[in-house]
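Letter by letter, the chains look like this.
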Amino acid sequence: MSFQTFLQHLVNGISLGSLYALLAIGYTMVYGILRLINFAHGDIFMLATYIAFYSITTFLLPWWAAFLIAIILTALLGILLERAAYRPLRNSPRISIMISAIGASFLIENLAIVFFGGRPKAFPIAPIFSKIVRIGDVSISIVTIIIPIITVIALVILNFIVNKTKTGMAMRAVSKDYDAAKLMGININHIISFTFGTGSALAAIGGIMWALKYPQLIPLMGVMPGLKFFIAAVIGGIGNIKGAVLGGFILGLGEIAIVASSPALSGYRDAFAFILLIIILLVKPTGLLGQNSAEKV
Amino acid sequence: MKREKVIQSLISIAAVIILLVILNKVLTPFQARIFNLGGIYIILAISMNLINGFVGLFSLGHAGFMAVGAYTSALLTMSREAKEMNFFLEPIVPWLLDVQLPFPIAIIIGGLMAALAAALIGAPVLRLNDDYLAIATLGFSEIIRVIFTNTQSLTNGALGLKGLPYIGVTDSPKEAIWWIWGLVIITIVFMVLLINSTYGRAFKAIREDEIAAEAMGINLFKHKMMAFIIGSFFAGIGGALLGHYMNTIDPLLFRYLLTFNIILIVVLGGIGSITSSVISAIVVTIAQELLRVLDGKMQIGSLIINGVPGTRMVVFSALLMLVILFYQRGLMGTNEFSWSWFKKLPFKTKKAKIS
């Protein structure tokens, strides 16, 4: 492999890794607070791309307005999802909440099939995003460069919210100890809604960039990526935002490395994430950056 | 008391057999097909209920074990000509080309292969709990699917296998009902015996409180492993039957969606009850056929509604959500059907006192 091809793959890997990182954060934030795998996160991601699609094609909005609307609406949908599917079950056994999450995910998918149609749709890409730049001998589409930049900006903002604001402090408190946080006068419901909103907004940003990179929309597009985003979160240590970013990059770079190293292995690309997951769960179940917590009897 | 129960069970089984004879005569081929599919779903639902309902392990790997069973049984029963016709991209591995076993042996081997896969997967994965277990089993079933998609010379890859032999040793379609429902009866009897044995009590103890169960001296890992392997064995058999029932299998059939269908049946019926799985499997299978009208054109009076494909599944997912949100017990909760219900009826008051 020449140095030039290596660079090409590296750029692709970083770009894919940033997408995984962005989406994994949504999983990790929700898990950190509610100890719940939000199976519907992948479908929220799918809805964001469809909202952007219809804003551009049906309502003829400029791309930036469409993207903004998609992010806001998706955040609202995320909050709605939590209200409808998770809040009523907050004190139920874990297995019920998980079934509810799976049910919500399938309900959204099936509704999407009914309303958006099962046929793939081509995402309209504004000309700005389809340019190709050459840096030295490496030619890269502009989207590939934009993705990591947007990811970094989103992460800086998120980091500020979580670590410097009062809401962020409350979020950290809830994830540390749910009951104690309640006793300290934190409005748990607000914080959970806010978490779902933020996570879904990040999913929308990721979804739009995903659609710019792979411009084909189908109602089931969130299923497989959704599982991978979750795996990225587990690899890094679920409940830990930095871990989610690390896991996302490991997964993204690893996948590209597999495809790049030998074409014979490229069919196993989807299995790679799951194999990595199992290895991590066996070697270090808390993930790379996760903290051990003793089980209380 | 004990003898009475055995007699009652035998009477129930005899009643079911008589019912089957009648149904086999009365039902049209299409209705018989739906009825048989219901039977296959009963086996699958019970096997999932053992793992998820009785031991409380939230496993999402069912589709993977079904795939193992279905492919094993398909490759073992197909004739040499059928295999050569299927494998036109790449020839089949030579040691499988001439293998052709009778149907009953093939499905049992299918089940055993699924159990073997479960044993290999279970050893590392069952040490995890709750969510991690769900994701890891789901991951394994996806890995199995990806492997089957890529092993062209063994499973014919994404093209799948076509022209699987019909269920049964002859070509008569009337025979399928006996094989499928015979296996349903065997599965139910086996599960009831298992659940009421000491192992079954240990399973329920693990479900209720793992730590307390361990403190009582129950070997957690051994029992979890056992339930997982037995459940997967029946999942493999169910998958093999499904393959022969559909005559065609390909890796896309064994997606996560298939596992979801079975979860739907188990949850609607009530997690942790065999009776409810049986009723729910039949009801859901028939309802899925009846609700097909939603996907097509409907005429109510002079009003014509154009159905949208997929509406059917919306109804089922919404139903699942409603049940889990408002009526978590499902149809029957953890109750089971038993003859003592009938004893409570007025005309049998005498017997009720004895028991």
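From a predicted model like this one, the values you see are computed outputs, not experimental measurements.

## Some thoughts on the overall build of chain A
What chain A contains, in helices and strands, is 11 helices and four strands. Taken over the C-alpha trace, chain A has a radius of gyration of 19 Å; the compact-globule value for 297 residues is 19 Å, and the two agree within 12%. With the C-alpha coordinates of chain A rotated into their principal frame, the extents come out at 60 × 50 × 35 Å. Counting every position in chain A, which comprises 297 residues, the buried fraction comes to 53%. Considering only contacts within chain A whose residues lie at least 6 apart along the sequence, 75% involve residues at least 24 apart. Taken as a whole, chain A presents about 13300 Å² of accessible surface, with 69% of it coming from carbon and sulfur. Between the averaged position of the 20 positive side-chain charges in chain A and that of its 9 negative side-chain charges there is a distance of 7 Å.

## Topic: the overall build of chain B
A count of helical and extended segments in chain B gives 18 helices and four strands. Taken across its 355 residues, chain B has 52% of its residues classed as buried. As displayed, chain B offers around 16500 Å² of accessible surface, 70% of which is attributable to carbon and sulfur atoms.

## Re the side chain of S277 of chain B
Examined against the element boundaries, S277 of chain B turns out to sit in helix α14 (residues 274-290). Setting aside chain neighbours within four positions, we find S277 of chain B in contact with A45, I46, N49 and I265 of chain B.

## Remarks on the nonpolar core
Residues F39, F67 and I102 of chain A together with L60, L161 and L241 of chain B are the most contacted members of the largest nonpolar core, which totals 208 residues. Aside from chain neighbours lying at most four places away, what touches L60 of chain B is F39 and I102 of chain A together with A134, T137, L138, S141, Y256, T259 and I263 of chain B.

## Topic: helix α2 (residues 41-57) of chain A
For α2 of chain A, built from 17 residues, the straight-helix expectation of 24 Å at 1.5 Å per residue is met to within 8% by its first-to-last C-alpha distance of 25 Å. When you tally the buried positions in α2 of chain A, you get 15 out of 17 residues, the bulk of the element.

## Structural notes on the interface of chain A and chain B
Put simply, an interface is often sized by how much accessible area is lost when its parts join up. Each side of the interface is counted separately: chain A has 45 residues, and chain B has 41 residues. Between chain A and chain B the total buried area reaches about 3700 Å² when both faces are included, carbon and sulfur atoms providing 80% of it. In this structure, the connection of chain A to chain B is made through zero salt bridges. Joining chain A to chain B, the criterion identifies one residue pair in polar contact (both at pLDDT 80 or more). Top contributing element to the side of chain A that touches chain B by residue count: helix α4 (residues 94-116) of chain A, with 15 residues. A per-class count over the side of chain A that touches chain B returns 35 nonpolar, six polar and four charged.

## Topic: the packing of helix α3 (residues 62-77) of chain B against helix α7 (residues 130-150) of chain B
Residue and element names in this part refer to chain B. Put simply, α3 and α7 touch, their axes get as near as 8 Å, and they point 35° apart. Between α3 and α7, the contacting residues are G64, A67, V68 and Y71 on the first element and S141, I144 and F148 on the second. Classifying every residue of the contact of α3 with α7 gives five nonpolar, two polar and no charged.

## What about α7 of chain B?
Compared with an ideal rise of 1.5 Å per residue, which puts 21 residues at 30 Å, α7 of chain B spans 31 Å between its outermost C-alpha atoms and is within 8% of the ideal. In terms of burial, α7 of chain B is largely enclosed, as 17 of its 21 residues are buried.

## Quick look at the confidence of the model for chain B
Residues and elements named next belong to chain B. Summarising the model, chain B shows a mean pLDDT of 84, and 89% of its residues fall at 70 or more. Within the model, pLDDT remains below 50 along residues 347-355, and this stretch shows seven contacts once partners closer than five positions in the same chain are excluded. As scored by the predictor, the complex reaches a pTM of 0.87 and an ipTM of 0.83.

## Quick look at the environment of T167 of chain A
All names here are of chain A. For T167, the position within the fold is in helix α6 (residues 166-176). Residue T167 is classed as partly exposed on the basis of its relative accessible area of 31%. In the structure, T167 is positioned 103 residues away from W64 in sequence and 28 Å away in space, judged by C-alpha atoms. Excluding residues that lie within four positions of it along the chain, T167 makes contacts with I191 and F194.

## Considering the pattern of salt bridges
Under the defined criterion, the tally for this structure stands at nine salt bridges over all chains. Two residues, R269 of chain A and E255 of chain A, come together in a salt bridge whose shortest N-O distance is 3.1 Å. With a gap of 14 residues between them, R269 of chain A in helix α11 (residues 269-283) and E255 of chain A in helix α10 (residues 241-261) connect regions that are remote in the sequence. Of the residues examined, E255 of chain A reaches a relative accessible area of 1% and is grouped as buried. With a closest N to O distance of 3.0 Å, R145 of chain B and E142 of chain B form a salt bridge.

## Regarding the environment of L194 of chain B
All names here are of chain B. Note that L194 resides in helix α9 (residues 176-196). Through-space distance from the C-alpha of L194 to that of V26 is 34 Å; in sequence the pair is 168 residues apart. Apart from residues no more than four positions distant in its own chain, L194 is found in contact with L50, Y199, G200, F203, M226 and I230.

## Some points on empty space enclosed by the protein
Per the counting criterion, the structure on display carries three cavities of 30 Å³ or more. Considered as a void within the structure, the largest cavity measures approximately 50 Å³ in volume. Contributions of two or more residues to the lining of the largest cavity are made by α4 of chain A together with α2 (29-54) and α13 (256-269) of chain B. A total of three residues in the lining of the largest cavity trace back to one element, the largest contributor, which is α13 of chain B. Each residue belonging to the lining of the largest cavity can be placed in one class, and the counts come to eight nonpolar, one polar and no charged.

## A few points about the packing of aromatic side chains
Residues and elements named next belong to chain B. If you walk through the whole model with that rule in mind, you get 25 aromatic pairs over all chains. Ring plane angle 45° and centroid distance 5.5 Å describe the contact between F190 and F234, whose orientation is recorded as tilted. Separated by 44 residues along the polypeptide, F190 in helix α9 and F234 in helix α12 (residues 220-246) bring together distant segments of the chain. Judged by its relative accessible area of 7%, F234 falls in the buried class. Sitting over the face of the ring of Y245, R33 holds its NZ or CZ atom 4.2 Å from the ring centroid. Over the aromatic face of F221 sits the side chain of R127, whose NZ or CZ is 4.3 Å from the ring centroid.

## Comments concerning a nonpolar patch on the surface
All names here are of chain A. A surface patch of nonpolar side chains, about 450 Å² in accessible area, is lined by F3, F6, L10, I14 and L253. A total of four residues in the nonpolar patch trace back to one element, the largest contributor, which is helix α1 (residues 3-34). Note that L253 resides in helix α10. You can call L253 partly exposed: its relative accessible area is 34%.

Criteria and cut-off values
Residues numbered from 1 in each chain as written. Chains lettered and ligands numbered in written order. Predicted model: local features only at pLDDT ≥ 70, side-chain atom pairs only at ≥ 80, totals over all residues. Heavy atoms only, no water. Helix = DSSP H or I, 4+ residues; strand = E, 2+ residues; numbered from the N terminus. Rg over C-alpha atoms; globule rule 2.2 N^0.38 Å. Buried < 20%, exposed > 50% of the residue type's maximum accessible area, 1.4 Å probe, protein only. Contact = heavy atoms within 4.5 Å. Areas by Shrake-Rupley, 256 points an atom, 1.4 Å probe, with all protein chains shown as cover. Lys, Arg positive; Asp, Glu negative; His and termini not counted. Charge placed at Lys NZ, Arg CZ, Asp CG, Glu CD. Core = buried A, V, L, I, M, F, W, Y, C linked by side-chain atoms within 4.5 Å. Expected span 1.5 Å × (residues − 1). Buried area = accessible area lost by both parts, 1.4 Å probe. Salt bridge = Lys/Arg side-chain N within 4 Å of Asp/Glu carboxyl O. Polar contact = N/O pair within 3.5 Å; in protein donor to acceptor, adjacent residues only side chain to side chain. Nonpolar A, V, L, I, M, F, W, Y, C, P; charged D, E, K, R; others polar. Axes fitted to C-alpha atoms, helices over the stretch in contact; angles between N-to-C directions. pLDDT = per-residue confidence, 0-100. 1 Å grid on protein atoms, 1.4 Å probe; cavity = no way out; pocket = protein on both sides within 12 Å on 5 of 7 lines; lining within 4 Å. Points joined across faces, edges and corners; volume = space filled by probe spheres on them. Phe/Tyr/Trp six-rings, centres within 6.5 Å; stacked < 30°, edge-to-face > 60°. Lys NZ or Arg CZ within 6 Å of the ring centre and 35° of its normal. Patch = residues over 30% accessible without salt bridge, like charges linked within 9 Å, V, L, I, M, F, W, Y side chains within 5 Å.

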